[in-house]
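# Examination of the molecular architecture
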Amino acid sequence: MIEVGQIYLIKADESNDITPKGGMDYRPKYFVVMGIDEEGNIYGGVVFDSEINRNHVSPMMMEFFMPIAASEYSFLTHDSFLDCSKLKPAVAKKLLNGQYMGILKSEHMTEAKRLICMSPRESFVHLRKYGLR
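This text gives an overview of the structure that appears in the document.

Definitions and cut-offs
- Residues numbered from 1 in each chain as written.
- Predicted model: local features only at pLDDT ≥ 70, side-chain atom pairs only at ≥ 80, totals over all residues.
- Heavy atoms only, no water.
- Helix = DSSP H or I, 4+ residues; strand = E, 2+ residues; numbered from the N terminus.
- Buried < 20%, exposed > 50% of the residue type's maximum accessible area, 1.4 Å probe, protein only.
- Polar contact = N/O pair within 3.5 Å; in protein donor to acceptor, adjacent residues only side chain to side chain.
- Contact = heavy atoms within 4.5 Å.
- Pairing = 2+ DSSP bridges.
- Axes fitted to C-alpha atoms, helices over the stretch in contact; angles between N-to-C directions.
- Salt bridge = Lys/Arg side-chain N within 4 Å of Asp/Glu carboxyl O.
- Core = buried A, V, L, I, M, F, W, Y, C linked by side-chain atoms within 4.5 Å.
- Phe/Tyr/Trp six-rings, centres within 6.5 Å; stacked < 30°, edge-to-face > 60°.
- Lys NZ or Arg CZ within 6 Å of the ring centre and 35° of its normal.

### As for the side chain of Ser80
- With respect to the helices and strands, the residue Ser80 is situated in strand E5 (residues 80-91).
- The class of Ser80 is buried, set by a relative accessible area of 4%.
- Within the local environment of Ser80, its side chain forms a polar contact with the backbone oxygen of His78, the two atoms lying 3.1 Å apart.
- With residues near it in sequence (within four places) discarded, Ser80 still touches Phe48, Asp49, Ser50, Met66, Pro67 and Ile68.

Next up, the structure:
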């Protein structure tokens, strides 16, 4: 059963609001489940990014990228960021076809929820859909 806070390594693509690089079909991404819709089959989450793409992220949005030290999670090979600027969608099948990596630490979950709820790129309706409001 998929639960809020779980982390999955998935093959992220346009269906997850992720643009694959270099003609690839997908990008491997660590997806953190932040909320579940009322039907229980669409998940809203945030993803780990290796770095902030400063060419596509405005300076005003930088505060919504939460730094995470590689030492915090065994699967991280370098310091990263949680992109809390906008929830990304995923369906259960994609998550379950991915690799379960663990649970987001409670202090990181608290901060990620705070940031996603403050993001100007998120709507009240969208946050409510996933049980975050």
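### Quick look at the environment of Ala12
- With respect to the helices and strands, the residue Ala12 is situated in strand E1 (residues 6-12).
- Considered as a pair, Ala12 and Pro28 are 16 residues apart in the sequence and their alpha carbons are 5.9 Å apart.
- Sequence-distant contacts of Ala12, defined by excluding residues within four places in its chain, comprise Ile18, Pro20, Tyr26, Arg27, Lys29 and Lys94.

### Quick look at the sheet that holds strand E6 (residues 99-103)
- Across the sheet, which stays open at both edges, the 6 strands sit in the order E4-E5-E3-E2-E1-E6 with antiparallel pairing between neighbours. Whereas interior strands pair on both sides, the edge strands pair on one side only; in this sheet they are strand E4 (65-68) and E6. For this sheet, the mean angle separating the axes of adjacent strands, direction not counted, is 45 degrees.
- Strand direction decides the pairing type here: E1 and strand E2 (residues 27-36), joined by 6 bridges, are antiparallel. Among the inter-strand pairings, Ile7 is bridged to a residue of E2, identified as Val32.
- Packed onto the sheet, helix H2 (residues 106-118) meets E2, strand E3 (42-49), E4 and E5 and runs at close to 75 degrees relative to E5.

### Looking at the pattern of salt bridges
- Considering all chains together, one arrives at 5 salt bridges under this definition.
- The salt bridge partner of Asp49 is Lys29, with a shortest N-O separation of 2.5 Å. Linking Asp49 in strand E3 with Lys29 in strand E2, this pair joins segments that are 20 residues apart in sequence. Of the two residues, Asp49 and Lys29, both sit in the buried class.

### What to know about the nonpolar core
- Ranked by size, the top nonpolar core spans 29 residues in total, and within it Val32, Phe48 and Leu82 carry the most contacts.
- At the level of elements, E2, E3, E4, E5 and H2 are the ones that each hand at least two residues to this core.
- Broken down by element, the residue count for this core peaks at 5 residues, all from H2.
- Counting residues in hydrophobic clusters, the runner-up holds 11 residues, among them Ile2, Tyr8, Ile10 and Ala90.

### Describing the packing of aromatic side chains
- Applying the stated criterion to the full structure yields 6 aromatic pairs.
- Each residue in the set Tyr30, Phe48, Tyr73 and Phe75 is aromatic and connected to the rest through ring pairs, giving one cluster.
- Sitting over the ring of Tyr73, Lys105 keeps its end group 5.6 Å from the ring centre.

Without other data, these values stay purely geometric and don't point to any function.
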